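Structural overview for review
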Amino acid sequence: MSTHAPPPSDAPSGLTTEGYRQGLGKRQIQMISVGGAIGTGLFLGAGSRLQAVGPSLAIVYLVCGVFSFLMLRALGELVMYRPTSGSFVSYAQEFLGSPASYVAGVLSFFSWAMTGIVDITAVALYMHFWGVFAAVPQWVMALMALIVITCMNLIGVKWFGEMEFWFSIIKIAALLAFLVVGTAILGLRVPVDGHSTGIQLITEHGGLFPHGMLPALVLIQGVVFAYYGIEMIGTAAGECKNAREVLPSAINNVIWRIMIFYVGTVTLLVLLLPWSAYQAGVSPFVTFFSRLGVPGVDSLMNIVVLTAALSSLNSGLYSTGRVLRALAVNGTAPRYLAHMNKQAVPAAAILTTVAIYLVGVGLNYLLPSQIFEIVLNMASIGIVSTWCFIVLCQIKLRQAIRAGRIAPTGFAMPGAPVTAWLTIAFFISILGLMLFDYPTGTYSIMAIPALAALLFVGWKAASHTPLNVVPQTIPSAELTDDADFTPPRTV
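Residues numbered from 1 in each chain as written. Predicted model: local features only at pLDDT ≥ 70, side-chain atom pairs only at ≥ 80, totals over all residues. Heavy atoms only, no water.

Looking at the overall build of the chain
When you go through the chain residue by residue, the secondary structure sums to 20 helices and zero strands. Within the chain, buried positions represent 58% of all 491 residues. Of the roughly 19500 Å² of accessible surface on the chain, 69% is carried by carbon and sulfur atoms. (Helix = DSSP H or I, 4+ residues; strand = E, 2+ residues; numbered from the N terminus. Buried < 20%, exposed > 50% of the residue type's maximum accessible area, 1.4 Å probe, protein only. Areas by Shrake-Rupley, 256 points an atom, 1.4 Å probe, with all protein chains shown as cover.)

What follows is the structure in C-alpha coordinates.
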(Lines give C-alpha, C1' and ligand atoms only; values in the text may rest on other atoms or scores of the structure.)
Protein backbone atom coordinates (compact mmCIF):
# COMPACT_ATOMS: atom_id res chain seq x y z
CA MET A 1 0.00 0.00 0.00
CA SER A 2 1.25 3.46 -0.84
CA THR A 3 1.73 5.93 1.95
CA HIS A 4 0.90 9.58 1.88
CA ALA A 5 3.59 12.12 2.56
CA PRO A 6 3.34 15.88 2.21
CA PRO A 7 4.35 16.99 -1.27
CA PRO A 8 7.85 18.36 -1.58
CA SER A 9 7.96 22.10 -1.22
CA ASP A 10 9.55 24.28 -3.84
CA ALA A 11 8.36 27.39 -2.07
CA PRO A 12 10.67 29.93 -0.52
CA SER A 13 11.21 29.62 3.21
CA GLY A 14 8.12 30.70 5.16
CA LEU A 15 5.68 30.16 2.29
CA THR A 16 3.56 27.20 1.29
CA THR A 17 3.67 25.73 -2.21
CA GLU A 18 0.46 27.68 -2.89
CA GLY A 19 2.25 30.94 -2.11
CA TYR A 20 0.70 31.64 1.29
CA ARG A 21 2.60 32.61 4.42
CA GLN A 22 2.07 30.33 7.44
CA GLY A 23 1.29 33.15 9.83
CA LEU A 24 -1.40 31.54 11.99
CA GLY A 25 -0.37 30.03 15.31
CA LYS A 26 -2.04 27.54 17.63
CA ARG A 27 -3.86 30.09 19.78
CA GLN A 28 -5.29 31.82 16.70
CA ILE A 29 -6.48 28.56 15.14
CA GLN A 30 -8.10 27.56 18.42
CA MET A 31 -9.96 30.86 18.60
CA ILE A 32 -10.94 30.76 14.92
CA SER A 33 -12.54 27.38 15.59
CA VAL A 34 -14.43 28.90 18.53
CA GLY A 35 -15.38 32.17 16.86
CA GLY A 36 -16.63 30.43 13.75
CA ALA A 37 -19.27 28.65 15.81
CA ILE A 38 -20.47 31.71 17.75
CA GLY A 39 -22.14 34.59 15.93
CA THR A 40 -25.05 36.99 15.89
CA GLY A 41 -27.38 34.01 15.45
CA LEU A 42 -26.89 33.28 19.14
CA PHE A 43 -26.39 36.77 20.59
CA LEU A 44 -29.28 38.38 18.73
CA GLY A 45 -31.25 35.75 16.78
CA ALA A 46 -31.94 33.47 19.75
CA GLY A 47 -34.57 35.91 21.02
CA SER A 48 -36.84 35.53 17.98
CA ARG A 49 -36.22 31.77 17.85
CA LEU A 50 -37.19 31.31 21.49
CA GLN A 51 -40.34 33.28 20.76
CA ALA A 52 -41.09 30.98 17.80
CA VAL A 53 -40.47 27.53 19.31
CA GLY A 54 -39.86 27.99 23.04
CA PRO A 55 -37.55 25.63 25.01
CA SER A 56 -37.32 23.16 22.10
CA LEU A 57 -34.79 25.58 20.58
CA ALA A 58 -32.13 23.83 22.69
CA ILE A 59 -32.99 20.51 21.00
CA VAL A 60 -32.90 22.10 17.54
CA TYR A 61 -29.48 23.63 18.29
CA LEU A 62 -28.26 20.21 19.48
CA VAL A 63 -29.43 18.31 16.38
CA CYS A 64 -28.04 20.91 13.98
CA GLY A 65 -24.85 21.13 16.00
CA VAL A 66 -24.22 17.37 15.84
CA PHE A 67 -24.51 17.28 12.04
CA SER A 68 -22.45 20.44 11.67
CA PHE A 69 -19.75 18.83 13.81
CA LEU A 70 -19.82 15.67 11.69
CA MET A 71 -19.29 17.86 8.62
CA LEU A 72 -16.36 19.47 10.40
CA ARG A 73 -14.86 16.06 11.23
CA ALA A 74 -15.17 15.14 7.54
CA LEU A 75 -13.27 18.34 6.71
CA GLY A 76 -10.74 17.51 9.42
CA GLU A 77 -9.94 14.18 7.77
CA LEU A 78 -9.38 15.99 4.47
CA VAL A 79 -7.14 18.58 6.14
CA MET A 80 -5.03 15.89 7.78
CA TYR A 81 -4.59 14.32 4.34
CA ARG A 82 -3.49 17.60 2.76
CA PRO A 83 -3.68 21.04 4.43
CA THR A 84 -4.48 23.69 1.81
CA SER A 85 -5.76 27.26 1.72
CA GLY A 86 -8.00 26.20 -1.17
CA SER A 87 -9.88 24.02 1.35
CA PHE A 88 -12.97 22.31 -0.07
CA VAL A 89 -12.42 23.86 -3.53
CA SER A 90 -9.07 22.11 -3.74
CA TYR A 91 -10.45 18.85 -2.34
CA ALA A 92 -13.41 18.92 -4.75
CA GLN A 93 -10.97 19.44 -7.63
CA GLU A 94 -9.01 16.35 -6.59
CA PHE A 95 -11.82 13.98 -5.59
CA LEU A 96 -14.90 15.15 -7.52
CA GLY A 97 -13.47 16.86 -10.60
CA SER A 98 -13.35 20.40 -11.98
CA PRO A 99 -17.13 20.94 -12.42
CA ALA A 100 -17.83 20.08 -8.78
CA SER A 101 -14.92 22.25 -7.62
CA TYR A 102 -16.26 25.16 -9.66
CA VAL A 103 -19.81 24.81 -8.32
CA ALA A 104 -18.61 24.43 -4.72
CA GLY A 105 -16.39 27.49 -4.97
CA VAL A 106 -18.91 29.76 -6.65
CA LEU A 107 -21.73 28.84 -4.26
CA SER A 108 -19.45 29.34 -1.25
CA PHE A 109 -18.36 32.73 -2.57
CA PHE A 110 -21.97 33.70 -3.19
CA SER A 111 -22.96 32.69 0.34
CA TRP A 112 -20.18 34.65 2.00
CA ALA A 113 -20.81 37.66 -0.25
CA MET A 114 -24.49 37.78 0.73
CA THR A 115 -23.63 37.24 4.39
CA GLY A 116 -21.07 40.04 4.20
CA ILE A 117 -23.65 42.46 2.83
CA VAL A 118 -25.84 41.76 5.85
CA ASP A 119 -22.90 42.03 8.26
CA ILE A 120 -21.69 45.40 7.00
CA THR A 121 -25.22 46.80 7.20
CA ALA A 122 -25.65 45.33 10.69
CA VAL A 123 -22.42 46.97 11.87
CA ALA A 124 -23.76 50.39 10.82
CA LEU A 125 -27.07 49.77 12.59
CA TYR A 126 -25.34 48.63 15.78
CA MET A 127 -23.15 51.74 15.78
CA HIS A 128 -26.28 53.93 15.66
CA PHE A 129 -27.30 52.42 19.00
CA TRP A 130 -25.11 55.05 20.66
CA GLY A 131 -26.38 58.61 20.41
CA VAL A 132 -22.95 60.03 19.61
CA PHE A 133 -23.09 58.28 16.21
CA ALA A 134 -26.76 59.06 15.52
CA ALA A 135 -25.93 61.98 13.21
CA VAL A 136 -23.47 59.95 11.13
CA PRO A 137 -25.12 58.56 7.96
CA GLN A 138 -25.49 54.79 8.00
CA TRP A 139 -23.54 54.35 4.77
CA VAL A 140 -20.57 56.22 6.29
CA MET A 141 -20.46 53.85 9.27
CA ALA A 142 -20.72 50.85 6.97
CA LEU A 143 -17.92 52.17 4.75
CA MET A 144 -15.62 52.87 7.71
CA ALA A 145 -16.09 49.34 9.06
CA LEU A 146 -15.41 47.83 5.64
CA ILE A 147 -12.24 49.90 5.16
CA VAL A 148 -10.82 48.78 8.53
CA ILE A 149 -11.59 45.09 7.97
CA THR A 150 -10.27 45.22 4.40
CA CYS A 151 -6.97 46.79 5.47
CA MET A 152 -6.46 44.19 8.18
CA ASN A 153 -7.02 41.40 5.65
CA LEU A 154 -4.65 42.92 3.09
CA ILE A 155 -1.63 43.51 5.32
CA GLY A 156 -1.12 39.88 6.29
CA VAL A 157 -2.80 36.71 7.51
CA LYS A 158 -1.42 37.18 11.02
CA TRP A 159 -3.48 40.37 11.38
CA PHE A 160 -6.62 38.53 10.31
CA GLY A 161 -5.82 35.83 12.85
CA GLU A 162 -5.15 38.38 15.59
CA MET A 163 -8.44 40.15 14.96
CA GLU A 164 -10.34 36.85 15.10
CA PHE A 165 -8.49 35.95 18.30
CA TRP A 166 -9.69 39.07 20.10
CA PHE A 167 -13.17 39.01 18.55
CA SER A 168 -13.53 35.45 19.88
CA ILE A 169 -12.23 36.44 23.31
CA ILE A 170 -14.96 39.09 23.59
CA LYS A 171 -17.72 36.69 22.50
CA ILE A 172 -16.56 33.92 24.83
CA ALA A 173 -16.16 36.31 27.78
CA ALA A 174 -19.74 37.52 27.31
CA LEU A 175 -21.13 33.99 27.20
CA LEU A 176 -19.07 32.84 30.17
CA ALA A 177 -20.25 35.85 32.21
CA PHE A 178 -23.86 34.91 31.48
CA LEU A 179 -23.27 31.22 32.25
CA VAL A 180 -21.61 32.00 35.59
CA VAL A 181 -24.22 34.56 36.70
CA GLY A 182 -27.15 32.53 35.39
CA THR A 183 -25.96 29.29 37.00
CA ALA A 184 -25.43 31.04 40.34
CA ILE A 185 -28.92 32.55 40.27
CA LEU A 186 -30.45 29.22 39.30
CA GLY A 187 -28.50 27.34 41.95
CA LEU A 188 -29.38 29.84 44.70
CA ARG A 189 -33.04 29.91 43.54
CA VAL A 190 -32.99 33.71 43.29
CA PRO A 191 -36.26 34.98 41.70
CA VAL A 192 -35.90 36.89 38.43
CA ASP A 193 -38.49 39.57 37.57
CA GLY A 194 -40.89 38.06 40.10
CA HIS A 195 -40.57 34.52 38.70
CA SER A 196 -39.15 31.55 40.57
CA THR A 197 -36.38 30.01 38.50
CA GLY A 198 -36.28 26.33 37.61
CA ILE A 199 -37.84 23.58 35.51
CA GLN A 200 -41.36 24.78 36.26
CA LEU A 201 -40.79 27.68 33.87
CA ILE A 202 -40.84 25.04 31.13
CA THR A 203 -43.53 22.69 32.42
CA GLU A 204 -45.95 25.49 33.35
CA HIS A 205 -45.59 27.35 30.05
CA GLY A 206 -46.47 24.75 27.45
CA GLY A 207 -43.60 22.29 27.93
CA LEU A 208 -40.76 21.71 25.49
CA PHE A 209 -42.94 22.25 22.40
CA PRO A 210 -45.42 25.01 23.34
CA HIS A 211 -46.42 25.54 19.69
CA GLY A 212 -46.16 21.89 18.66
CA MET A 213 -43.33 20.05 16.92
CA LEU A 214 -43.90 21.45 13.42
CA PRO A 215 -42.53 24.96 14.13
CA ALA A 216 -39.40 23.41 15.68
CA LEU A 217 -38.96 21.20 12.63
CA VAL A 218 -39.31 24.13 10.24
CA LEU A 219 -36.86 26.19 12.31
CA ILE A 220 -34.07 23.70 11.59
CA GLN A 221 -33.47 25.34 8.21
CA GLY A 222 -32.79 28.63 10.00
CA VAL A 223 -30.83 27.34 13.00
CA VAL A 224 -28.35 25.24 11.01
CA PHE A 225 -26.96 28.43 9.50
CA ALA A 226 -26.05 29.72 12.94
CA TYR A 227 -23.07 27.39 12.58
CA TYR A 228 -22.04 28.73 9.17
CA GLY A 229 -18.38 29.65 9.35
CA ILE A 230 -17.11 26.68 11.34
CA GLU A 231 -15.77 25.23 8.07
CA MET A 232 -13.41 28.22 7.80
CA ILE A 233 -10.94 26.37 10.02
CA GLY A 234 -10.22 24.14 7.01
CA THR A 235 -9.24 27.17 4.93
CA ALA A 236 -7.12 28.58 7.75
CA ALA A 237 -5.23 25.27 8.01
CA GLY A 238 -3.32 26.11 4.83
CA GLU A 239 -1.77 29.12 6.57
CA CYS A 240 -1.22 27.44 9.94
CA LYS A 241 2.12 26.31 11.31
CA ASN A 242 2.05 22.58 12.18
CA ALA A 243 -1.54 22.20 10.91
CA ARG A 244 -1.57 18.42 11.41
CA GLU A 245 -0.69 18.86 15.08
CA VAL A 246 -3.01 21.78 15.84
CA LEU A 247 -6.18 20.94 13.90
CA PRO A 248 -7.40 17.68 15.55
CA SER A 249 -7.81 19.18 19.03
CA ALA A 250 -9.25 22.43 17.63
CA ILE A 251 -11.89 20.50 15.67
CA ASN A 252 -12.73 18.02 18.43
CA ASN A 253 -13.31 20.82 20.92
CA VAL A 254 -15.98 22.38 18.69
CA ILE A 255 -18.66 19.87 19.76
CA TRP A 256 -18.17 20.73 23.44
CA ARG A 257 -18.38 24.43 22.64
CA ILE A 258 -21.61 23.86 20.77
CA MET A 259 -22.99 21.90 23.74
CA ILE A 260 -22.01 24.62 26.24
CA PHE A 261 -22.47 27.83 24.30
CA TYR A 262 -25.61 26.94 22.35
CA VAL A 263 -27.47 24.09 24.07
CA GLY A 264 -26.37 25.05 27.58
CA THR A 265 -27.02 28.76 27.10
CA VAL A 266 -30.52 28.30 25.66
CA THR A 267 -31.42 25.78 28.39
CA LEU A 268 -30.29 28.23 31.05
CA LEU A 269 -32.24 31.08 29.45
CA VAL A 270 -35.55 29.17 29.65
CA LEU A 271 -34.83 28.09 33.24
CA LEU A 272 -34.30 31.69 34.33
CA LEU A 273 -37.27 33.38 32.61
CA PRO A 274 -40.38 32.14 30.82
CA TRP A 275 -39.58 31.61 27.14
CA SER A 276 -42.31 34.12 26.26
CA ALA A 277 -40.26 36.87 27.93
CA TYR A 278 -37.78 36.83 25.04
CA GLN A 279 -38.62 38.65 21.83
CA ALA A 280 -37.41 39.27 18.31
CA GLY A 281 -34.96 42.13 17.78
CA VAL A 282 -33.75 42.06 21.39
CA SER A 283 -30.81 39.99 22.57
CA PRO A 284 -32.05 37.40 25.10
CA PHE A 285 -29.02 38.27 27.23
CA VAL A 286 -30.11 41.91 27.35
CA THR A 287 -33.61 40.74 28.34
CA PHE A 288 -32.24 38.64 31.19
CA PHE A 289 -29.77 41.17 32.62
CA SER A 290 -32.25 44.05 32.29
CA ARG A 291 -34.78 42.02 34.31
CA LEU A 292 -32.07 41.72 36.95
CA GLY A 293 -31.77 45.49 36.96
CA VAL A 294 -28.16 45.55 35.77
CA PRO A 295 -27.42 49.07 34.43
CA GLY A 296 -25.64 49.54 31.10
CA VAL A 297 -26.17 45.93 30.02
CA ASP A 298 -27.69 47.03 26.71
CA SER A 299 -24.55 48.93 25.78
CA LEU A 300 -22.28 46.05 26.78
CA MET A 301 -24.30 43.53 24.79
CA ASN A 302 -24.39 45.88 21.80
CA ILE A 303 -20.58 45.81 21.85
CA VAL A 304 -20.66 42.01 21.82
CA VAL A 305 -23.17 41.85 18.96
CA LEU A 306 -21.12 44.44 17.05
CA THR A 307 -18.05 42.27 17.61
CA ALA A 308 -19.87 39.22 16.26
CA ALA A 309 -20.86 41.10 13.09
CA LEU A 310 -17.31 42.41 12.57
CA SER A 311 -15.96 38.90 13.11
CA SER A 312 -18.31 37.49 10.47
CA LEU A 313 -17.33 40.26 8.03
CA ASN A 314 -13.64 39.59 8.73
CA SER A 315 -14.08 35.85 8.20
CA GLY A 316 -16.07 36.38 5.02
CA LEU A 317 -13.35 38.48 3.40
CA TYR A 318 -10.70 35.96 4.42
CA SER A 319 -12.63 32.96 3.12
CA THR A 320 -13.82 34.49 -0.17
CA GLY A 321 -10.30 35.65 -0.96
CA ARG A 322 -8.92 32.11 -0.70
CA VAL A 323 -11.89 30.51 -2.48
CA LEU A 324 -11.76 32.90 -5.44
CA ARG A 325 -8.01 32.46 -5.78
CA ALA A 326 -8.38 28.67 -5.72
CA LEU A 327 -10.94 28.93 -8.55
CA ALA A 328 -8.61 31.17 -10.54
CA VAL A 329 -5.70 28.77 -10.09
CA ASN A 330 -7.94 25.93 -11.31
CA GLY A 331 -8.82 27.95 -14.41
CA THR A 332 -12.50 28.41 -13.54
CA ALA A 333 -12.37 32.09 -12.54
CA PRO A 334 -10.70 35.17 -14.06
CA ARG A 335 -6.91 34.93 -13.88
CA TYR A 336 -6.45 38.27 -12.14
CA LEU A 337 -8.03 36.77 -9.00
CA ALA A 338 -4.89 34.68 -8.48
CA HIS A 339 -2.78 37.80 -7.82
CA MET A 340 -1.00 37.90 -4.45
CA ASN A 341 0.42 41.04 -2.87
CA LYS A 342 3.80 41.33 -1.14
CA GLN A 343 2.31 40.08 2.13
CA ALA A 344 1.32 36.78 0.45
CA VAL A 345 -2.38 37.70 0.57
CA PRO A 346 -4.83 37.20 -2.36
CA ALA A 347 -5.40 40.94 -2.68
CA ALA A 348 -7.24 40.89 -6.02
CA ALA A 349 -9.80 38.37 -4.77
CA ILE A 350 -10.33 40.26 -1.50
CA LEU A 351 -10.82 43.60 -3.26
CA THR A 352 -13.25 42.01 -5.71
CA THR A 353 -15.33 40.82 -2.75
CA VAL A 354 -15.18 44.32 -1.25
CA ALA A 355 -16.53 45.76 -4.51
CA ILE A 356 -19.49 43.39 -4.30
CA TYR A 357 -20.04 44.37 -0.67
CA LEU A 358 -20.23 48.02 -1.70
CA VAL A 359 -22.77 47.29 -4.43
CA GLY A 360 -24.71 45.10 -2.02
CA VAL A 361 -24.95 47.81 0.61
CA GLY A 362 -26.52 50.08 -2.00
CA LEU A 363 -28.96 47.35 -2.99
CA ASN A 364 -29.83 46.84 0.65
CA TYR A 365 -31.21 50.39 0.76
CA LEU A 366 -32.98 50.20 -2.61
CA LEU A 367 -34.57 46.75 -2.75
CA PRO A 368 -37.72 45.83 -0.82
CA SER A 369 -37.02 43.75 2.27
CA GLN A 370 -38.78 40.67 0.89
CA ILE A 371 -36.54 40.53 -2.18
CA PHE A 372 -33.49 40.94 0.02
CA GLU A 373 -34.64 38.01 2.20
CA ILE A 374 -34.92 35.86 -0.92
CA VAL A 375 -31.29 36.69 -1.75
CA LEU A 376 -30.30 35.58 1.75
CA ASN A 377 -32.20 32.33 1.34
CA MET A 378 -30.29 31.76 -1.90
CA ALA A 379 -27.13 32.20 0.16
CA SER A 380 -28.43 29.48 2.46
CA ILE A 381 -28.62 27.13 -0.52
CA GLY A 382 -24.93 27.82 -1.09
CA ILE A 383 -24.13 26.97 2.53
CA VAL A 384 -25.87 23.59 2.33
CA SER A 385 -24.13 22.87 -0.97
CA THR A 386 -20.71 23.73 0.44
CA TRP A 387 -21.17 21.39 3.40
CA CYS A 388 -22.44 18.59 1.14
CA PHE A 389 -19.39 18.93 -1.11
CA ILE A 390 -17.10 18.68 1.93
CA VAL A 391 -18.70 15.43 3.07
CA LEU A 392 -18.71 13.99 -0.48
CA CYS A 393 -14.97 14.70 -0.73
CA GLN A 394 -14.43 12.85 2.55
CA ILE A 395 -16.38 9.87 1.20
CA LYS A 396 -14.13 9.78 -1.86
CA LEU A 397 -11.02 10.14 0.31
CA ARG A 398 -12.11 7.21 2.48
CA GLN A 399 -12.72 5.11 -0.64
CA ALA A 400 -9.16 5.87 -1.79
CA ILE A 401 -7.84 4.91 1.65
CA ARG A 402 -9.70 1.60 1.58
CA ALA A 403 -8.35 0.93 -1.93
CA GLY A 404 -4.79 1.47 -0.68
CA ARG A 405 -4.08 4.52 -2.84
CA ILE A 406 -3.78 6.83 0.19
CA ALA A 407 -2.57 6.04 3.69
CA PRO A 408 -4.98 6.53 6.64
CA THR A 409 -4.92 10.08 7.94
CA GLY A 410 -5.08 9.17 11.62
CA PHE A 411 -8.12 11.43 12.10
CA ALA A 412 -10.98 9.45 10.61
CA MET A 413 -14.53 10.78 10.60
CA PRO A 414 -16.35 8.82 13.33
CA GLY A 415 -18.88 6.30 12.05
CA ALA A 416 -18.11 6.94 8.37
CA PRO A 417 -19.38 6.18 5.79
CA VAL A 418 -22.76 5.77 7.53
CA THR A 419 -22.51 9.11 9.35
CA ALA A 420 -21.30 10.78 6.16
CA TRP A 421 -24.37 9.74 4.19
CA LEU A 422 -26.67 10.60 7.11
CA THR A 423 -25.12 14.06 7.27
CA ILE A 424 -25.68 14.63 3.55
CA ALA A 425 -29.28 13.42 3.88
CA PHE A 426 -29.84 15.86 6.75
CA PHE A 427 -28.47 18.80 4.78
CA ILE A 428 -30.58 17.92 1.73
CA SER A 429 -33.68 17.68 3.93
CA ILE A 430 -33.07 21.32 4.88
CA LEU A 431 -33.76 22.30 1.28
CA GLY A 432 -37.07 20.45 1.56
CA LEU A 433 -37.92 22.43 4.70
CA MET A 434 -37.10 25.66 2.86
CA LEU A 435 -39.64 24.74 0.21
CA PHE A 436 -42.40 24.87 2.85
CA ASP A 437 -41.16 28.20 4.26
CA TYR A 438 -43.49 30.35 2.15
CA PRO A 439 -42.88 32.82 0.58
CA THR A 440 -39.12 33.47 0.79
CA GLY A 441 -37.98 29.87 1.16
CA THR A 442 -40.35 28.65 -1.55
CA TYR A 443 -39.22 31.30 -4.04
CA SER A 444 -35.58 30.56 -3.26
CA ILE A 445 -35.93 26.86 -4.05
CA MET A 446 -37.85 27.71 -7.22
CA ALA A 447 -34.96 29.96 -8.26
CA ILE A 448 -32.46 27.07 -8.24
CA PRO A 449 -32.87 26.39 -12.01
CA ALA A 450 -31.98 30.03 -12.73
CA LEU A 451 -28.93 29.74 -10.46
CA ALA A 452 -27.92 26.53 -12.25
CA ALA A 453 -28.20 28.33 -15.60
CA LEU A 454 -25.89 31.12 -14.39
CA LEU A 455 -23.38 28.55 -13.15
CA PHE A 456 -23.49 26.85 -16.56
CA VAL A 457 -22.81 30.12 -18.36
CA GLY A 458 -19.89 30.85 -16.05
CA TRP A 459 -18.48 27.37 -16.60
CA LYS A 460 -18.62 27.76 -20.36
CA ALA A 461 -16.95 31.18 -20.19
CA ALA A 462 -14.02 29.92 -18.07
CA SER A 463 -10.66 29.18 -19.67
CA HIS A 464 -10.21 25.84 -17.82
CA THR A 465 -6.45 26.33 -18.05
CA PRO A 466 -4.88 25.82 -14.61
CA LEU A 467 -2.26 28.31 -13.55
CA ASN A 468 1.23 27.24 -12.52
CA VAL A 469 1.54 29.02 -9.20
CA VAL A 470 5.11 29.99 -8.30
CA PRO A 471 5.36 31.51 -4.82
CA GLN A 472 7.16 34.82 -4.65
CA THR A 473 10.43 35.15 -2.80
CA ILE A 474 10.15 36.99 0.49
CA PRO A 475 13.22 38.80 1.86
CA SER A 476 14.61 37.18 4.98
CA ALA A 477 14.17 40.43 6.89
CA GLU A 478 10.42 40.32 6.30
CA LEU A 479 10.29 36.68 7.39
CA THR A 480 12.07 37.68 10.60
CA ASP A 481 9.52 40.43 11.18
CA ASP A 482 6.73 37.92 10.63
CA ALA A 483 7.93 35.78 13.50
CA ASP A 484 7.30 38.51 16.05
CA PHE A 485 3.92 39.98 15.23
CA THR A 486 5.06 43.33 13.92
CA PRO A 487 3.47 45.18 11.04
CA PRO A 488 4.85 44.22 7.62
CA ARG A 489 7.23 46.72 6.10
CA THR A 490 6.13 48.90 3.25
CA VAL A 491 8.34 48.58 0.19
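There's more to say after this.
Some thoughts on the nonpolar core
Among the nonpolar cores identified, the biggest contains 156 residues, and Ile29, Phe43, Tyr61, Phe178, Trp387 and Phe427 are the most heavily contacted of them. If we ignore the near neighbours within four places in the chain, the residues touching Phe178 are Thr183, Thr265, Leu268, Leu269, Leu272, Phe285, Phe288 and Phe289. Counting eight residues, the second largest nonpolar core, distinct from the first, contains Tyr102, Leu107, Met378 and Leu455. (Core = buried A, V, L, I, M, F, W, Y, C linked by side-chain atoms within 4.5 Å. Contact = heavy atoms within 4.5 Å.)

Some thoughts on a nonpolar patch on the surface
Nonpolar side chains collect at one region of the surface, where Leu62, Val66, Trp256, Met259 and Ile260 lie side by side and expose about 450 Å² of accessible area between them. Those elements that provide at least two residues to the nonpolar patch are helix H4 (57–81) and helix H12 (243–272). For the nonpolar patch, the element with the most residues is H12, which contributes three residues. Locating Leu62 in the fold gives a position in helix H4. (Patch = residues over 30% accessible without salt bridge, like charges linked within 9 Å, V, L, I, M, F, W, Y side chains within 5 Å. Salt bridge = Lys/Arg side-chain N within 4 Å of Asp/Glu carboxyl O.)

A short note on helix H13 (residues 284–292)
Those residues of H13 that fall on the buried side of the exposure criterion are Pro284, Phe285, Val286, Thr287, Phe288 and Phe289. Looking at the buried positions of H13, the neighbouring elements they touch are helix H2 (40–43), helix H3 (46–53), helix H8 (157–187), H12 and helix H14 (297–330). Gly293 occupies a position one or two residues after H13 and carries a positive phi of about 85 degrees.

Topic: helix H17 (residues 418–435)
Compared with the 26 Å implied by 1.5 Å per residue over 18 residues, the 26 Å span of H17 between its first and last C-alpha is a close match. Along H17, the positions that sit buried rather than exposed are Thr419, Ala420, Thr423, Ile424, Phe426, Phe427, Ile430, Leu433 and Met434. (Expected span 1.5 Å × (residues − 1).)

Regarding the confidence of the model for the chain
With 88% of its residues at a pLDDT of at least 70, the chain reaches an overall mean of 83. Low pLDDT, under 50, characterises residues 1–13; the predicted model gives this stretch 24 contacts beyond four residues in sequence or across chains. Confidence over residues 473–491 falls short of pLDDT 50; this stretch has 29 contacts with residues more than four positions distant or in other chains. (pLDDT = per-residue confidence, 0-100.)

Comments concerning unusual backbone geometry
With glycine set apart, most residues show a phi of negative sign, and most peptide bonds adopt trans. Note that the residue after Ala416, namely Pro417, is joined by a cis bond; omega there is 5 degrees. Along the chain, the position of Pro417 falls in the loop between helix H16 (369–402) and H17. Even without glycine at this site, Ala344 takes up a positive phi of about 60 degrees. Mapped onto the secondary structure, Ala344 falls in the loop between H14 and helix H15 (347–366). Under the relative-accessibility criterion, Ala344 is labelled buried at 1%. Not every positive phi belongs to a glycine, and His464 is a case in point at roughly 60 degrees. Residue position: His464 is located in the loop between helix H19 (448–461) and helix H20 (476–483). Residue classification places His464 among the partly exposed positions, given a relative accessible area of 33%.

What to know about the environment of Val224
Structurally, Val224 is set in the loop between helix H10 (213–223) and helix H11 (232–236). Residue classification places Val224 among the buried residues on the basis of a relative accessible area of 0%. With residues near it in sequence (within four places) discarded, Val224 still touches Cys64, Ser68, Trp387, Phe426, Phe427 and Ile430.

Considerations on the packing of H4 against H12
The contact between H4 and H12 brings their axes to 9 Å, and the two run at 175 degrees. The angle between the axes of H4 and H12 places the two elements in the roughly antiparallel class. Within the contact of H4 with H12, the residues separate by chemical class into 20 nonpolar, four polar and two charged. (Axes fitted to C-alpha atoms, helices over the stretch in contact; angles between N-to-C directions. Parallel < 35°, antiparallel > 145°, perpendicular 65-115°, else oblique. Nonpolar A, V, L, I, M, F, W, Y, C, P; charged D, E, K, R; others polar.)

Considerations on the pattern of salt bridges
Throughout the structure, instances matching the rule amount to four salt bridges. Glu77 is the salt-bridge partner of Arg398, the closest N and O atoms lying 3.0 Å from each other. One end of the pair, Arg398, is in helix H16; the other, Glu77, is in helix H4, and 321 residues separate them in sequence. Residues Arg398 and Glu77 agree in their burial class; the two are buried. A salt bridge links Arg322 to Glu239, with the nearest nitrogen and oxygen atoms 2.9 Å apart. Taken together, the residues Arg322 in helix H14 and Glu239 in the loop between H11 and H12 connect sequence positions 83 residues apart. Taken as a pair, Arg322 and Glu239 share a single burial class, namely buried.

Topic: the packing of aromatic side chains
Two aromatic rings are characterised by how far apart their centres lie and by the angle between their planes. As enumerated under the stated definition, the model contains 17 aromatic pairs in all. Ring plane angle 5 degrees and centroid distance 4.0 Å describe the contact between Phe160 and Tyr318, whose orientation is recorded as stacked. Pair noted here: Phe160 is in helix H8 and Tyr318 is in helix H14, with a separation of 158 residues, a long-range link. Residue placement shows Arg73 over the ring face of Phe411; its charged tip is 4.0 Å from the ring centre. (Phe/Tyr/Trp six-rings, centres within 6.5 Å; stacked < 30°, edge-to-face > 60°. Lys NZ or Arg CZ within 6 Å of the ring centre and 35° of its normal.)

Points about the packing of H8 against H14
Helix-helix packing is characterised by the crossing angle of the two axes and by the distance between the axes. Where H8 meets H14, the closest approach of the two axes is 9 Å, and the angle between their N-to-C directions is 150 degrees. Considering the angle they form, H8 stands roughly antiparallel to H14. The chirality of how H8 crosses H14 is left-handed. Of H14, the residues touching H8 (which contributes Val157, Phe160, Met163, Glu164, Phe167, Ile170, Lys171 and Ala174) are Val304, Thr307, Ala308, Leu310, Ser311, Asn314, Ser315, Tyr318 and Arg322. Split into classes, the residues belonging to the contact of H8 with H14 amount to 10 nonpolar, four polar and three charged. (Left-handed = near helix turned anticlockwise from the far one by under 90°.)

With respect to the side chain of Asp119
Here Asp119 is to be found in helix H6 (residues 98–127). No salt bridge is formed by the buried Asp119, whose closest oppositely charged neighbour, Lys171, lies at an N-O distance of 10.0 Å. Apart from the residues within four sequence positions on either side, Asp119 is in contact with Ala309, Ser312 and Leu313. (Lys, Arg positive; Asp, Glu negative; His and termini not counted.)

Thoughts on the environment of Ala100
Mapped onto the secondary structure, Ala100 falls in helix H6. In sequence terms Ala100 and Phe389 are 289 residues apart; their C-alpha atoms lie 7.9 Å from each other. When neighbours within four sequence positions are excluded, Ala100 is seen to be in contact with Ala92 and Phe389.

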